[in-house]
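Secondary and tertiary structure notes
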Amino acid sequence: MEQNAIQRRERPFVAGEWVSDGEPLPVSDLADGGTFASVAAADTSDAERALSAATGVHADLRETTVPERVEWLESIADGIRRREDELAEVIVREAGKPISSARGEVQSAAERFDRAVGELRHLTGEYRTGTTAGHEDWQAIVKHEPMGTVLCITPYNYPLSTMALQVAPAIAAGNAVIVKPASKTPISGAILADIAADAGLPDGAYNFVPGESSVIGDPLASDARVDAIAMTGSSGAGEHVARQSGITRLHMELGGNAPAIVFEDADLDAAADAATAGSLKYAGQRCSAVSRVLAHESVHDELVSRIDDAMAEWSIGDLFDTDTTLGPLVSADQADWVAELVDDAVDRGATVVRGGERHVEDGVHYYEPTLLADVPRDARIVDEEQFGPVCAVTTVTDEDDAVRTANGSELALDAAVFTADHDRAMRVAERVNAGAVRINGAPSHGLGDVPFGGNDASGIGREGLDSTIHEFVREKSIIL
């Protein structure tokens, strides 16, 4: 492919219309280099139109029935499947994801809309009778109402499936949505907007506003017409949005620094495979990535050796080759950040067992699969989110030391525990500060059937199709 050839040009979708007068926002091609697409960036006037349109359609959406919303969700799921090849190619290019992973993401997005149908049909109200003195004859109907307008702020690493996890529950609950995608990966979101435009939703119920956060992000997040904000992103960005939003319901899945605790009785082969895949999948650019391995001192060296062997199976390659397991980082800035954390760990005494180098091809930035051993506790990589293909192994002396080290970071999204002792597994899982703890496996969030989310700086609330639908409705009690 000729570099810098613009293959497609996309636009915002606001109030049922495609908008084309914004400044073009280029989208890098992480598969072949150069620029493969651009999108007309929404500006403050587009944001205002989206807010007005979403607010204006509230009354119509409130009157919709469950079968109507089911039809919309099923139509969108079908549309995603019809355009699977197109969406997968776009995700490869804009996100730098290997084709096998990109196809999996498209399939996951479609299934999330399908699963939202099942959860919507379970969204029933309650009938209650009085149980306190003086209220014995009370009868109450507790019903669910839409919040109104949901602002969906989506990340670059899973540009379609995370969007589905926010948008599908919002539509299921009867809300209007305004989708603000990550500026690096807006094209798959534009295709989803096109699919939604054909699904029959009322004008204004689905708005897609790509653009710079500094231009439209703050005006949207701070506007009182937004009733709920769903966001997946870094902890710093989440804190910024929270400060802007005022009294608005927040639903945030933010940064992670998942520890994998490996005790001396663990199956070391299984732990090494899980740590490797957990560290390297999508070049480590995942909130649930295994960011640090806390190995009991008696198995540290053996575990490092097995992780080294497992990493040998992972290599950077052609993103459209189904055998490729590892791709580039999303940007030069991300490569700089990973290098900074690795250099800091080495300066403090960590040993580079494998990798540790970066390179650039056709303007695309790669970081080698990297294994660090004997990482000291004061290294920044032990506490900070790295978002890179690095497995950092440090030692712990016993259970208390493992829990104390795991809980030393303000990021508390995911964790993993490897041990053959059931009682210890459950005990440590209870003590570790994290929204989810996986026993004898790498953290994984699935399609949203199990609630997930973080504590402390890792988020607000819990995601999951059923959980998120309930975040996007409010209860009203009608007392007879």
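Here the structure is a predicted model, which is why all the values come from computation and not from measurement.

Glancing now at the layout of surface pockets. By volume, the second largest pocket is sized at about 250 Å³. Around the second largest pocket, the lining comprises 19 residues; the ones closest to its centre are Ser28, Leu30, Lys184, Val330 and Ser331. Contributing elements (two or more residues each) for the lining of the second largest pocket: strand E4 (24-28) and strand E17 (364-367). Looking at the lining of the second largest pocket, the element that brings in the most residues is E4, giving four residues. Partitioning the lining of the second largest pocket into residue classes produces eight nonpolar, seven polar and four charged. Structurally, the lining of the second largest pocket is a two-domain feature, drawing no fewer than three residues from each of domain 1 (8-254 + 458-479) and domain 2 (258-448).

What follows is about unusual backbone geometry. Located in the positive-phi region is Tyr282, a residue other than glycine, with phi close to 45°. Relative to the assigned elements, Tyr282 resides in the loop between helix H10 (268-280) and strand E14 (290-296). Phi angles above zero are rare outside glycine, and Asp362 is one such case at about 55°. Position of Asp362 among the secondary structure elements: in the loop between strand E16 (358-361) and E17.

What follows is about the UniProt feature "active site" (unreviewed entry) in the protein. Here, the residues flagged by UniProt with the feature "active site" (unreviewed entry) are Glu253. Relative to the helices and strands, Glu253 resides in strand E12 (residues 249-253). Those residues within four positions of Glu253 in sequence are excluded, and the remaining contacts are Met231, Thr232, Gly233, Cys287, Leu413, Phe452, Gly453, Ser458 and Glu463.

A full pass over the atoms with the stated rule returns 33 salt bridges. The shortest N-O distance in the salt bridge between Arg225 and Glu48 comes to 2.7 Å. With Arg225 in the loop between helix H8 (213-221) and strand E11 (228-232) and Glu48 in helix H1 (residues 44-56), the pair connects residues that are 177 residues apart, well separated along the chain. According to the relative accessible area criterion, Arg225 is partly exposed, its value standing at 25%. Exposure remark for Glu48: the relative accessible area of 36% places this residue in the partly exposed category. Overlapping salt bridges, with partners in common, bring together Arg8, Glu10, Arg83, Glu86 and Asp194 in one network.

Taken in spatial order, the three strands line up as E1-E5-E4 in an open sheet, and their pairing is mixed. Across the chains shown, the open sheet's two edge strands, defined by having one partner strand only, are strand E1 (8-10) and E4. Geometrically, the sheet is characterised by an average inter-axis angle of 25° between neighbouring strands, direction not taken into account. As defined by bridge partners, E1 adjoins strand E5 (residues 35-40) across three bridges and the pair is classed as parallel. Considered in E5, the bridge of Arg8 is made with Ala37.

Moving on, we get to the domain arrangement of the protein. Its domain assignment divides the protein into domain 1 (8-254 + 458-479) and domain 2 (258-448). Each of domain 1 and domain 2 has a C-alpha centre, and these two points are 31 Å apart. Each partner contributes to the interface: domain 1 provides 32 residues, whereas domain 2 provides 30 residues. Taken over both partners, the interface formed by domain 1 and domain 2 buries close to 2400 Å², and the fraction arising from carbon and sulfur atoms is 61%. Considering only the side of domain 1, the residues that lose the most area to domain 2 are Leu30, Tyr156 and Ser458, jointly responsible for 23% of the buried surface there. Here domain 1 and domain 2 share zero salt bridges between them. Going through the elements one at a time, helix H4 (84-95) and helix H5 (99-121) are the ones with two or more residues in the side of domain 1 that touches domain 2.

The subject of this paragraph is helix H14 (residues 422-431). Within the span of H14, buried status applies to Arg424, Ala425, Val428 and Ala429. The buried residues of H14 occupy an angular sector of 130° when the element is viewed end-on, so they sit on one face. H14 presents His422, Asp423 and Glu430 as exposed residues on the side facing more than 90 degrees away from its buried surface. Buried residues along H14 sit against strand E13 (258-262), helix H13 (399-406), strand E21 (414-418) and strand E22 (436-439). The N-terminus of H14 is capped by Asp421, whose side-chain oxygen sits 3.0 Å from the backbone nitrogen of Asp423.

Looking now at helix H9 (residues 235-245). The α-helix winds at 3.6 residues per turn, so residues separated by three or four positions along the chain end up facing the same way. Those residues of H9 that fall on the buried side of the exposure criterion are Ser235, Gly238, Val241 and Ser245. Taken end-on, H9 shows its buried residues confined to a sector of 120°, consistent with a single buried face. Following H9 by one or two positions, Gly246 has its phi on the positive side, about 65°.

Moving on to the side chain of Glu385. Position of Glu385 relative to the elements: it lies in the loop between strand E18 (370-373) and strand E19 (390-396). The side chain of Glu385 sits in the buried core without any salt bridge; Arg286 is the nearest counter-charge, 10 Å away. In terms of polar contacts, Glu385 uses its side chain to reach the backbone amide nitrogen of Gly256, at 2.9 Å.

About the criteria used
Residues numbered from 1 in each chain as written. Predicted model: local features only at pLDDT ≥ 70, side-chain atom pairs only at ≥ 80, totals over all residues. Heavy atoms only, no water. 1 Å grid on protein atoms, 1.4 Å probe; cavity = no way out; pocket = protein on both sides within 12 Å on 5 of 7 lines; lining within 4 Å. Points joined across faces, edges and corners; volume = space filled by probe spheres on them. Helix = DSSP H or I, 4+ residues; strand = E, 2+ residues; numbered from the N terminus. Nonpolar A, V, L, I, M, F, W, Y, C, P; charged D, E, K, R; others polar. Domains from an automatic or database assignment. UniProt positions renumbered as here; feature names shortened; annotations may be inferred. Contact = heavy atoms within 4.5 Å. Salt bridge = Lys/Arg side-chain N within 4 Å of Asp/Glu carboxyl O. Buried < 20%, exposed > 50% of the residue type's maximum accessible area, 1.4 Å probe, protein only. Pairing = 2+ DSSP bridges. Axes fitted to C-alpha atoms, helices over the stretch in contact; angles between N-to-C directions. Buried area = accessible area lost by both parts, 1.4 Å probe. Arc of directions from axis to C-beta. Polar contact = N/O pair within 3.5 Å; in protein donor to acceptor, adjacent residues only side chain to side chain. Lys, Arg positive; Asp, Glu negative; His and termini not counted.

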